[in-house]
Amino acid sequence: QVQLVESGGGLVQAGGSLRLSCAASGRTFSRNAMGWFRQAPGKEREFVASISWAYSTRYADSVKGRFTISRDNVKSAVDLQMNSLKPEDTAVYYCAAEYAELTRGSSDWHTYDYWGQGTQVIVSS
């Protein structure tokens with residue numbers, strides 16, 4: 001059974017930092033793009049960042065320069081370092097992986113086949 005499990009969420013003041021981690025089990029994703037998405041109450045799920053099998057990254061404009069995505073294929077893990085957090089970053093953050101191999105890593109959540117259960121991030125002003 002394939003599982004993605006996120007950790008590292010919590011409550012932080014504006015300007016602070018958090019590091020989210022996602023651990024995969026049941027299969028490896030070394031040839032698959034992985035990404036982070038988020039969903040705030042009453043809003044649609046939105047793209048945050050993705051990293052391809054070749055470590056190429058892309059970011060949403062709203063987090064560029066503040067967030068960094070990284071992966072460790074040995075551990076089958078992907079992390080999201082979040083700095084200079086803002087109240088508008090408050091959301092449930094989801095880790096996801098594509099089933100297709102050797103892709104660039106999409107910003108469209110529909111292309112991701114595996115999802116974690118989410119971890120809550122709250123940024124207070």
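The structure under discussion appears in the preceding block.
The following paragraphs examine the structure supplied in this document. Remember, it's a predicted structure, so these values are computed and weren't measured experimentally. (Residues numbered from 1 in each chain as written. Predicted model: local features only at pLDDT ≥ 70, side-chain atom pairs only at ≥ 80, totals over all residues. Heavy atoms only, no water.)

## A look at the state of the cysteines
- What the rule picks out here adds up to one disulfide.
- Here cysteine 22 engages in a disulfide with cysteine 95; their sulfurs sit 2.1 Å apart. What sets the handedness of the cysteine 22 and cysteine 95 disulfide is the S-S torsion sign, and at about -75 degrees it is left-handed. With a gap of 73 residues between them, cysteine 22 in strand β3 (residues 18-25) and cysteine 95 in strand β9 (residues 91-101) connect regions that are remote in the sequence.
- Judged by relative accessible area, cysteine 22 falls into the buried class, the value being 1%.
- Under the relative-accessibility criterion, cysteine 95 is labelled buried at 0%. (Disulfide = S-S within 2.5 Å. Helix = DSSP H or I, 4+ residues; strand = E, 2+ residues; numbered from the N terminus. Buried < 20%, exposed > 50% of the residue type's maximum accessible area, 1.4 Å probe, protein only.)

## Notes on the sheet that holds β3
- A sheet is described by the order of its strands in space; here four strands give the open sequence β1-β3-β8-β7, paired in antiparallel fashion. Two strands lie at the open edges of the sheet, namely β1 (3-7) and β7 (67-72), each paired on one side alone. Geometrically, the sheet is characterised by an average inter-axis angle of 15 degrees between neighbouring strands, direction not taken into account.
- Across six bridges, β7 lies against strand β8 (residues 77-82) in antiparallel orientation. Within the sheet, the bridge partner assigned to phenylalanine 67 lies in β8 and is methionine 82. (Pairing = 2+ DSSP bridges. Axes fitted to C-alpha atoms, helices over the stretch in contact; angles between N-to-C directions.)

## Looking at the packing of aromatic side chains
- Summed over the entire model, instances satisfying the criterion amount to seven aromatic pairs.
- With a centroid separation of 5.3 Å and an interplanar angle of 70 degrees, the aromatic rings of phenylalanine 29 and tyrosine 114 are classed as edge-to-face. Highlighted residues: phenylalanine 29 in the loop between β3 and β4 (32-39) and tyrosine 114 in strand β10 (residues 114-115), separated in sequence by 85 residues.
- Judged by relative accessible area, which is 2%, phenylalanine 29 ranks as buried.
- Among the aromatic residues, those joined into a cluster by ring pairs are Phe37, Phe47, Tyr94, Trp109, Tyr112 and Trp115.
- A cation over an aromatic ring shows up here: arginine 45 above the ring of tryptophan 109, its NZ or CZ 5.4 Å from the ring centre.
- Here the guanidinium or amino end of arginine 45 rests over the ring plane of tryptophan 115, the centre of that ring lying 4.6 Å away. (Phe/Tyr/Trp six-rings, centres within 6.5 Å; stacked < 30°, edge-to-face > 60°. Lys NZ or Arg CZ within 6 Å of the ring centre and 35° of its normal.)

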